[in-house]
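Residue-level listing of the chains:
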Amino acid sequence: MALLPDTAIEYMKGVGPQRAESLKKELGIHTCWGLLNFFPYRYIDRSKFYTVSELHPDLPYVQLRGRITNIESIKGKGSRLKAIFRDETGSVELVWFQGAKSVESALKPGEDYVLFGKPNFFRDRYSIPHPELELLSHFNAGIKGNLQGLYSSTEKATQKGLNSRGIEKLMRVLVPEISGSIHEIFPASILSRYALMDRRTAYEQIHFPASVEQMVRAQFRMKFEELFFLQMQLVRLKLTQTKKAKGFVFGEVGEVFNQFYKEFMPFELTNAQKRVVKEIRKDMGTGAHMNRLVQGDVGSGKTVVALLSMLIAIDNGFQACLMAPTEILAIQHYQTLTEMLGLMPVNVRLLTGSSKTSERNEILKGIAAGTIHILIGTHALIEPVVEFKNLGLAIIDEQHRFGVEQRFKLWKKNTTPPHVLIMTATPIPRTLAMTLYGDLDVSVIDELPPGRKPVKTSHHFDSARIKVFGFMEEQIKLGRQIYVVYPLIEESEKLDFKDLMDGYESLSRRFPLPDYQISVVHGKMNPAAKEIEMQRFADGKTHIMVATTVIEVGVNVPNASVMVIESAERFGLSQLHQLRGRVGRGADQSFCMLMTGNKLSNDARLRMETMCRTNDGFEIAEVDLKLRGPGDLMGTQQSGALDLRLADLAKDGDIVAASREAAQLLLEKDPDLTLPENQLVRQRLAQMVKDRPNWSRIS
Ligand code: ADP
Ligand code: MG
């Protein structure tokens, strides 16, 4: 019987019921097609042999040639099988902790073997646990190239003979048998534009590459295909949204906007701000539904862009809302906006979880009646009781704090969904944004307001604290204010609280009353108390603000020019960058001091070095992405979208961009996928949508 893609894996020669079970349960492989798509994670060069004398603790896997002697079975507790593997240059111990019996009976002392394994260095000696062994006489049978794929496996699967070699043997049966059923899926135009290897060859070469070059081309083709279908879904989603979801037409820039611009604008917009406002105006003026992400580094001036957009909504007879992730930030937005608006006839209100009932009721009435033009708040805004008369624009600040679910609720506030503007200060590398926000339009404010001095960042070990305190004192004498921030990680909230209070005490001793005033803000305080402390600091009444990361997002105190980050090694790069963005907002030179313990992991050291080297949020985001991987970077809720088999969003940015371009070109020419050459693409997409019904809600 010929093998077909759909053939259940147990019908394949060499599999049988037990191994089939293992393939399904352990490796998630159910059909021949599934097995074919189980790609090597790495390749070894079969022509490269090491000798025992060349072994080195840093070597990952090595291939050796030699003979086996001294087979010894150790019984009882810690039972294992030992043997010595010897070549001309020396010997190394082999160990098996499992399956000793079958290994022992299969070993042929005196014969030449090829060994493959990972050497461990322990007590002055190398040993190789569970090596893969093959008789030299069998070694070259049936192999064309020098590269051999390594397949990942599990311990249980290995016991059923499905280690890397075992899987490779199955592939040797499968690939030639099934290759007749592998058909090209891309139209010729895509194949030629991106110089893609054809699909059948790519499957053959990815398992059994004839050369490094062929392997690279095969991988490129496979990654491209994987990313292409991801992008097809995103681009299509975006197209249908713009087509289907009608948006309100904000045709006019009217009196409110113009009056504000002429009489109250506190500064000249930067060119980047102007460009982004123009993009937003264009979106909202067309009758399509706006779904735009505005990325701008901390301090780039997103707030005023939000305000101007909201004024356009008001000019067209609509209400607008601005949602922030924390109460402190909502309050700050409220203060900033009311201050900027001055005597403008715009009714702005603040609604948060701690608004008093009477005030709350009054606000709800005003919202329903349309007398309130702009509503600012936290999650409280999306509760069902909040009913707008005509919400035309919803702005979400610091989007990464909001779940997908919450964004969805905002959408449903009207029958015609309001225009949506998302503002984030977490710069996302462009190619990652293409995937995570693939259905959104993206604007970037890539310019800081004039006159900003870049923050000077330095790294200090805890042991140098006295010096840091001295520096703080100097700065306070110059009239500056200082943040001292402690990490807050939920799992160890108690410990963090203790760190913070200990730190507060030692600061109080070093900076005693009445000459020095210190504020504290942490998660255990109630919102009103927090606000009072924040306000005292903002008003310049206190010199030092000791806080957990509650201040991370958005807070604006221009006179604060020193940011001391305690246990900085416990923060991720993007968080460090966000925190640093709290200073450098005024005219003074600002400083960021990263405090860490003396012992740092390589990863932590790289984070500190990166922070000291650059202020560029995008550069930092790139490093962050490489260090942490995209899933972590974006929080878990989105990681489903990133569950890629082969492509790596951190490393394959170019392929992401190419595949997105290909998807866009194809859909431009054939939006409904009706052309004959696109039928296979269409079928594949239909299948993917069926397999993943919730896909559209990811971003
Ligand atoms: P973010 O993008 O981090 O939200 P903000 O909107 O809080 O930044 O702006 C940071 C600071 O820069 C604020 O004090 C704001 O008033 C000021 N600002 C914004 N745009 C300009 C500009 N074009 N010229 C001068 N100052 C500006
Ligand atoms: Mg902001």
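Residues numbered from 1 in each chain as written. Chains lettered and ligands numbered in written order. Predicted model: local features only at pLDDT ≥ 70, side-chain atom pairs only at ≥ 80, totals over all residues. Heavy atoms only, no water.

Colleague: Give a detailed account of the nonpolar core, specifying residues and quantitative values.
Modeller: The biggest cluster of nonpolar side chains holds 45 residues, and the ones touching the most others in it are Phe 260, Leu 311, Val 346 and Leu 393. The biggest single contributor to this core is helix 12 (residues 302-315), with ten residues. Discounting chain neighbours no more than four positions away, the residues touching Leu 393 are Phe 250, Met 284, Met 290, Ser 309, Met 310, Ala 313, Gln 319, Ala 320, Cys 321, Pro 418, His 419 and Leu 421. (Core = buried A, V, L, I, M, F, W, Y, C linked by side-chain atoms within 4.5 Å. Buried < 20%, exposed > 50% of the residue type's maximum accessible area, 1.4 Å probe, protein only. Helix = DSSP H or I, 4+ residues; strand = E, 2+ residues; numbered from the N terminus. Contact = heavy atoms within 4.5 Å.)

Colleague: Give me the lowdown on the sheet that holds strand 22 (residues 591-596), citing residues and values where you can.
Modeller: The sheet built from six strands is open, its strands ordered 17-22-21-18-20-19 with parallel pairing. Both edges of this open sheet fall to strand 17 (456-461) and strand 19 (518-521), since each of them pairs with a single strand only. Taking each pair of neighbouring strands and ignoring which way they run, the sheet shows an average axis angle of 20 degrees. Of the pairings in the sheet, the one linking strand 18 (residues 481-485) to strand 20 (residues 544-547) comprises four bridges and is parallel in character. (Pairing = 2+ DSSP bridges. Axes fitted to C-alpha atoms, helices over the stretch in contact; angles between N-to-C directions.)

Colleague: Kindly report on the domain arrangement of the protein, identifying the contributing residues and their values.
Modeller: How big an interface is tends to be stated in terms of accessible area lost as the parts join. With domains assigned, the protein is organised as domain 1 (1-45 + 143-181), domain 2 (47-140), domain 3 (255-284 + 301-424) and domain 4 (456-614). On a C-alpha basis, the centroid separation for the pair domain 2 and domain 3 is 68 Å. (Domains from an automatic or database assignment.)

Colleague: Before we move on, can you summarise the pattern of salt bridges with the specific residues and values?
Modeller: Across all of its chains, the model carries 31 salt bridges by this definition. Residue Arg 292 is joined to Asp 283 by a salt bridge in which the shortest nitrogen-to-oxygen separation is 2.6 Å. What makes Arg 292 buried here is its relative accessible area of 8%. Across the pair Glu 619 and Arg 613 runs a salt bridge whose closest N-O atoms are separated by 2.8 Å. Glu 619 gets classed as partly exposed once you look at its relative accessible area, which sits at 31%. If you follow the salt bridges from partner to partner, you end up with Glu 184, Arg 199, Arg 221, Glu 225 and Arg 684 in one network. (Salt bridge = Lys/Arg side-chain N within 4 Å of Asp/Glu carboxyl O.)

Colleague: Tell me about the packing of aromatic side chains, residues and numbers included.
Modeller: For the coordinates displayed, the defined rule picks out 17 aromatic pairs. Looking at Lys 48, its charged tip hangs above the ring of Tyr 50, at a distance of 4.9 Å from the centre. (Phe/Tyr/Trp six-rings, centres within 6.5 Å; stacked < 30°, edge-to-face > 60°. Lys NZ or Arg CZ within 6 Å of the ring centre and 35° of its normal.)

Colleague: Lay out the site of ligand 1 in plain terms, naming residues and giving numbers.
Modeller: Around ligand 1 lies a shell of 16 residues, among which Glu 268, Gly 299, Lys 302, Thr 303 and Arg 452 are the nearest. Here an oxygen atom of ligand 1 sits 2.6 Å away from a polar atom, N or O, in the side chain of Thr 303. A distance of 3.5 Å separates an oxygen atom of ligand 1 from a polar atom in the side chain of Arg 585. Contact with the protein chains removes 83% of the 560 Å² of surface that ligand 1 exposes when unbound. Tallied by class, residues from the shell around ligand 1 come to four nonpolar, seven polar and five charged. (Near = heavy atom within 4 Å. Polar contact = N/O pair within 3.5 Å; in protein donor to acceptor, adjacent residues only side chain to side chain. Areas by Shrake-Rupley, 256 points an atom, 1.4 Å probe, with all protein chains shown as cover. Nonpolar A, V, L, I, M, F, W, Y, C, P; charged D, E, K, R; others polar.)

Colleague: For helix 11 (residues 271-285), give the residues involved together with the corresponding values.
Modeller: One full turn of an α-helix is made of 3.6 residues, so residues set three or four places apart face in the same direction. For helix 11, spanning 15 residues, the distance from its first C-alpha to its last is 21 Å, which sits close to the expected 21 Å at 1.5 Å a residue. Among all positions of helix 11, only Ala 272, Gln 273, Val 276, Val 277, Ile 280, Asp 283 and Met 284 are buried. Down the axis of helix 11, the smallest arc covering the buried residues is 130 degrees, so these residues share one side. Looking at helix 11, the residues exposed on the side facing more than 90 degrees away from the buried face are Asn 271, Lys 278 and Lys 282. Looking at the buried side of helix 11, the elements it contacts are strand 10 (291-296), helix 12, strand 14 (391-397), strand 15 (419-424) and strand 16 (441-445). (Expected span 1.5 Å × (residues − 1). Arc of directions from axis to C-beta.)

Colleague: Quick rundown of the sheet that holds strand 16? Include the residues and the values.
Modeller: Consider a sheet: its strands pair through backbone hydrogen bonds, and that pairing is either parallel or antiparallel. Taken in spatial order, the seven strands make up an open sheet running 12-13-11-14-15-10-16, and their pairing is parallel. Two strands in the sheet have a free side with no partner beyond their single neighbour: strand 12 (348-351) and strand 16. Across the sheet, the axes of successive neighbouring strands diverge by a mean angle of 20 degrees, strand direction being ignored. Taken together, the five bridges between strand 11 (residues 319-323) and strand 14 define a ladder with parallel strand orientation. Residue pairing across strands places Met 323 opposite Ile 396, the latter belonging to strand 14. Packed onto the sheet, helix 13 (residues 327-341) meets strand 11, strand 12, strand 13 (374-377) and strand 14 and runs at close to 170 degrees relative to strand 12. This element, helix 14 (residues 357-369), spans strand 11, strand 12 and strand 13 of the sheet and lies at about 130 degrees to strand 12.

Colleague: Which residues make up the confidence of the model for the protein, and what values go with them?
Modeller: Parts of the prediction with low pLDDT should not have their coordinates interpreted in detail. Of all residues in the protein, 90% attain a pLDDT of 70 or more, and the chain-wide mean is 86. Confidence, read as mean pLDDT per element, is least for helix 15 (residues 404-411) in the protein (59) and greatest for strand 22 (97). For the stretch residues 632-641, pLDDT sits under 50, and the model shows 17 contacts to residues farther than four places along the chain or on other chains. When the criterion is pLDDT under 50, residues 693-699 qualifies, and its contacts beyond four places in sequence or with other chains add up to 14 contacts. (pLDDT = per-residue confidence, 0-100.)

Colleague: Give me helix 20 (residues 573-580): which residues, what numbers.
Modeller: Counting buried residues in helix 20 gives seven out of eight residues, a clear majority hidden from the surface. Here helix 20 has its buried residues at Leu 573, Ser 574, Leu 576, His 577, Gln 578, Leu 579 and Arg 580.

Colleague: An account of unusual backbone geometry is needed here, citing residue identities and associated values.
Modeller: Geometrically, the link from Leu 513 to Pro 514 is a cis peptide bond, its omega value of 0 degrees lying close to zero. Tracing the sequence through the fold places Pro 514 in the loop between helix 18 (493-510) and strand 19. Here the phi dihedral of Ala 195 falls at roughly 50 degrees; this positive angle occurs in a residue that is not glycine. Turning to its location among the elements, Ala 195 is positioned in the loop between helix 7 (188-193) and helix 8 (199-207). Unlike most non-glycine residues, Ser 567 shows phi in positive territory, near 45 degrees. Within the secondary structure, Ser 567 is located in the loop between strand 21 (560-565) and helix 20.

Colleague: Could you give an account of the packing of helix 10 (residues 255-264) against helix 12, with specific residues and numbers?
Modeller: It is the contact of helix 10 with helix 12, at a shortest axis distance of 7 Å, that shows an interaxial angle of 145 degrees. Between helix 10 and helix 12, the residues in contact are Glu 255, Val 256, Phe 257, Phe 260 and Tyr 261 and Leu 307, Leu 308, Leu 311, Ile 312, Ile 314 and Asp 315, respectively.

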